[in-house]
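# Observations on chain architecture
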Amino acid sequence: MGGFSDTGDYDGKTGELANPCFVIKHPKGILVWDTGFSESLADQPNGLDRGFAVMTMPHRLSAQLKDLGIAPSDVSYLAFSHFHFDHTGNANAFPASTWIINKSELAWAESTPTPFGADPATISGYKTAKTIMIDGDHDVFGDGRVVILRAPGHTPGHQVLELQLSSGVVILAGDLYHLRANRQFRRVPTFNTERAD
């Protein structure tokens with residue numbers, strides 16, 4: 001876990017992190033927020049050891065969507081907290097969706113040399129998909145209920161998703177905070193692009 005705090009608080013410690021994807025159903029369509037690890041990871045029963053982490057995928061995104069009665073072609077919009085490979089692994093499975101892309105994040109992910117954590121091949125589908133390019137906040141359905149908010153720092157174009165639910169406001173924070181303690185104690189991963197942000 002050492003890389004998840006530049007203060008050394010996690011050095012030598014192990015832990016587990018979830019890598020969620022979200023489906024937001026709205027009267028005007030369906031948004032998929034982040035697409036997780038590539039489904040090829042599910043073919044590796046012992047996971048993939050990247051040195052700093054062992055990544056596993058017990059359930060494929062496609063199977064989970066099928067369980068919800070959703071086909072990739074049913075997804076109106078596709079958007080991302082950021083373009084690290086663990087959030088874009090299945091992005092190209094949604095060619096019929098309108099991709100909402102942060103311009104700063106795209107420029108960063110496609111820069112040379114390829115930045116740590118980015119895999120431009122996982123987002124190559126945007127080149128032939130319908131896209132909405134954004135610079136800052138964006139109201140997905142136009143009624144204030146599903147809003148992408150600019151939240152850079154983890155990556156240059158990192159974003160969070162604000163949902164206005166009947167129970168109140170929920171923020172899907174992406175990798176703004178990997179752990180609750182990071183928010184509480186202002187701990188920042190060593191691989192963030194900008195600590196101050």
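Below: a short report on this structure. Just so you know, these numbers come straight off a predicted model, no measurement behind them. (Residues numbered from 1 in each chain as written. Predicted model: local features only at pLDDT ≥ 70, side-chain atom pairs only at ≥ 80, totals over all residues. Heavy atoms only, no water.)

The next thing to look at is the packing of aromatic side chains. All told, the structure shown has seven aromatic pairs when counted by the stated rule. Ring centres of Phe116 and Phe191 lie 5.6 Å apart, and the angle between their planes is 55°; this geometry places the pair in the tilted category. Of the two residues, Phe116 is situated in the loop between α3 (103–109) and β7 (131–134) and Phe191 in the segment after α4 (180–185); the sequence distance between them amounts to 75 residues. Seen from the ring of Phe85, Arg50 lies directly overhead, with NZ or CZ sitting 4.7 Å from the centre. (Phe/Tyr/Trp six-rings, centres within 6.5 Å; stacked < 30°, edge-to-face > 60°. Helix = DSSP H or I, 4+ residues; strand = E, 2+ residues; numbered from the N terminus. Lys NZ or Arg CZ within 6 Å of the ring centre and 35° of its normal.)

Here His84 is to be found in the loop between β5 (77–79) and α2 (85–88). According to the relative accessible area criterion, His84 is buried, its value standing at 4%. A distance of 3.4 Å separates a polar side-chain atom of His84 from the backbone oxygen of Phe116. Beyond its immediate stretch of four places on either side in the chain, His84 contacts Trp108, Phe116, Gly117, Ala118, His154, Thr155 and Phe191. (Buried < 20%, exposed > 50% of the residue type's maximum accessible area, 1.4 Å probe, protein only. Polar contact = N/O pair within 3.5 Å; in protein donor to acceptor, adjacent residues only side chain to side chain. Contact = heavy atoms within 4.5 Å.)

Our focus in this paragraph is the pairing of strand β6 (residues 98–102). In terms of residue burial, β6 counts as a mostly covered element, since five of its five residues are buried. The side-chain alternation of β6 yields two buried faces, one formed by Thr98, Ile100 and Asn102 and the other by Trp99 and Ile101. Bridge analysis of β5 against β6 gives three bridges, and the strand direction is parallel. Counted as the bridge partner of Leu78 is Trp99 from β6. For the handedness criterion, the β-α-β arrangement of β6, α3 and β7 is classed as right-handed. (Pairing = 2+ DSSP bridges. Right-handed = clockwise from strand over helix to strand, strands pointing away.)

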